[in-house]
Amino acid sequence: MEKRKLGASGLYINPVGLGCMGFSHASGDPTEKSVAVKTLREAYEIGYDFFDTAEAYTGVSPDGTVSYNEELVGEAVKGIRDKVVIATKMGVRHNEDRSLRLDSSPETIRKSVEGSLKKLGTDYIDLYYQHRIDPKVEPEVVAETMAELIKEGKIRCWGISETTEEYLRRAHAVCPVTAIENRYSMMARWHESIFPVCEELDIAYVAFSPMANGFLTGKYTPSTKFEGSQDYRANMPQYTEEGYAKAKDLLDMLTKLAEEKNATMGQLSLAWMINKKPFIVPIPGSRKIERLKENFESGNIVVTKDEIAAIDAKLDTMSFEVFGGHRAK
Ligand SMILES: NC(=O)c1ccc[n+]([C@@H]2O[C@H](COP(=O)([O-])OP(=O)(O)OC[C@H]3O[C@@H](n4cnc5c(N)ncnc54)[C@H](OP(=O)(O)O)[C@@H]3O)[C@@H](O)[C@H]2O)c1
């Protein structure tokens, strides 16, 4: 599997990264710490070298224990810190009702970076994202703070999650942005218009929720019950009767394509974007070893430009009910 470059940072990673969120956030009760750490370490053994976490990825177990995702990742990479690229994020807190509180003020960025370094048990963060645009803070101010953190050696490079083109260009002019992390999947293609900007400015596009929160694996049905509390999928529109009905043609297309390629539907949905652009890196998340292996293997599947164009042409004729992010408060 050929490594791809992470923007102009000089860092190289495998074409499939690991979304670590589900071990403690949004996917049911948090995974027990020792199990999570062991699984994350096994992910490294499988080949994952790019771990995506965030300050905001926390969850509470039924016994009241708080799970901090960054602590799990930090523990898992002990002894192999220099062999992996860790991305984490600041600027977002969750309200009780799951809406977001945004704060990217320089003071908060500074406080957050110290907290993340401590939880990760490291003295540098490879890639530090602004988790969401804070309308109260200009991009230049965020970029200047990130430039200071780079100079101080606390972070190696920075990125923006769910950015717009205008915000990205303004921020990049002050301190070069290495990666953006925006939603992207066969069901969520509204950010494709930013691809030429990534190409022009040499910025990686890290694709989050690349399998539409697992939906594109085809492993779920309208009667699937998501276990535990705190599982956001229970309320996602794609997992409703109507959502399944709208996605029927897509799931049929994926079933057929997967058969032709001797792959799984999930693998095909990842290989489609990996083969589309050399700067795209999907970060599927799973807490199960077999699925981690399956997802990682998608980096070995070839989908030709003609096949991608044919898939896109079909996708253009479809519309979906799909989870599109949180409301900001
Ligand atoms: N920047 C942002 O704002 C933002 C927002 C959302 C997510 N993210 C990042 O993106 C990562 C991935 O996003 P995501 O978890 O929302 O969506 P995803 O990767 O599209 O889907 C993950 C879900 O699919 C299931 N799954 C994974 N592989 C599977 C397989 N082979 N077969 C069947 N089911 C499978 C997982 O369940 P199991 O764990 O049970 O396998 C998990 O619930 C997160 O971990 C996080 O790091 C970032």
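Source: prediction; values computed, not measured.

Participant: Requested: an account of the overall build of the protein chain, with residues and values cited.
Facilitator: Secondary structure assignment for the protein chain yields 11 helices and 14 strands. Against the globule reference of 20 Å for 329 residues, the protein chain gives a C-alpha radius of gyration of 19 Å, in line with a compact fold. With the principal axes as the frame, the protein chain shows a C-alpha extent of 50 × 50 × 40 Å. In the protein chain, which comprises 329 residues, the share counted as buried stands at 45%. Considering only residue pairs separated by 6 or more positions, the protein chain has 76% of its internal contacts joining residues 24 or more positions apart.

Participant: Just give me the short version of the site of the ligand, but keep the residues and values in it.
Facilitator: In the vicinity of the ligand, 29 residues are found, and the nearest of them are Gly19, Met21, Met211, Gly214 and Gly285. The element best represented in the shell around the ligand is helix H10 (residues 289–297), accounting for three residues. Here the shell around the ligand is built from residues that sort into eight nonpolar, 13 polar and eight charged.

Participant: Explain the packing of helix H4 (residues 139–151) against helix H5 (residues 165–174) to me, and be specific about the residues and the numbers.
Facilitator: Two numbers describe how H4 lies on H5: the axes approach to 8 Å, and their chain directions differ by 40 degrees. With respect to H5, the element H4 is oriented oblique. In this structure, the crossing between H4 and H5 has a hand that is right-handed. In contact with Pro139, Glu140, Val142, Ala143, Glu144 and Ala147 of H4, H5 contributes Tyr167, Arg170, Ala171 and Val174.

Participant: Please provide a residue-by-residue account of the environment of Val141, values included.
Facilitator: Here Val141 shows up in helix H4. Separated by 159 residues in sequence, Val141 and Asn300 have C-alpha atoms that sit 41 Å apart.

Participant: I'd like a rundown of H10, residues and numbers included.
Facilitator: For H10, every residue scored as buried is listed here: Leu292, Asn295 and Phe296. Considered in projection along H10, the buried side chains sweep an arc of 100 degrees and stay on one side of the axis. Of the surrounding elements, those touching the buried residues of H10 are helix H1 (33–46) and helix H9 (265–276).

Participant: Talk me through the nonpolar core; I want residue IDs and the actual numbers.
Facilitator: Among soluble globular proteins, nonpolar side chains are generally buried collectively. If you look at the biggest cluster of nonpolar residues, it comprises 85 residues, and the most contacted ones within it are Val73, Leu127, Tyr128, Trp158, Ile180, Val206 and Ala207. In terms of residues, this core owes the most to one element, H9, which gives seven residues.

Participant: Describe the packing of H1 against H10, and please don't skip the residues or the numbers.
Facilitator: Helix-helix packing: each pair is described by the crossing angle between the helix axes and the interaxial distance. Following both chains from N to C, one finds H1 and H10 inclined at 30 degrees, their axes separated by 10 Å at the closest point. By the angle between their axes, H1 is roughly parallel relative to H10. Crossing geometry of H1 relative to H10 is assigned as right-handed. Of H10, the residues touching H1 (which contributes Thr39, Glu42, Ala43 and Ile46) are Ile289, Leu292, Lys293 and Phe296. When grouped by side-chain class, the residues that make up the contact of H1 with H10 number five nonpolar, one polar and two charged.

Calculation criteria
- Residues numbered from 1 in each chain as written.
- Predicted model: local features only at pLDDT ≥ 70, side-chain atom pairs only at ≥ 80, totals over all residues.
- Helix = DSSP H or I, 4+ residues; strand = E, 2+ residues; numbered from the N terminus.
- Rg over C-alpha atoms; globule rule 2.2 N^0.38 Å.
- Buried ≥ 20, exposed ≤ 12 C-beta atoms within 10 Å, placed from the backbone.
- Contact = placed C-beta atoms within 7 Å.
- Near = placed C-beta within 6 Å.
- Nonpolar A, V, L, I, M, F, W, Y, C, P; charged D, E, K, R; others polar.
- Axes fitted to C-alpha atoms, helices over the stretch in contact; angles between N-to-C directions.
- Parallel < 35°, antiparallel > 145°, perpendicular 65-115°, else oblique.
- Left-handed = near helix turned anticlockwise from the far one by under 90°.
- Arc of directions from axis to C-beta.
- Core = buried A, V, L, I, M, F, W, Y, C linked by C-beta atoms within 7 Å.

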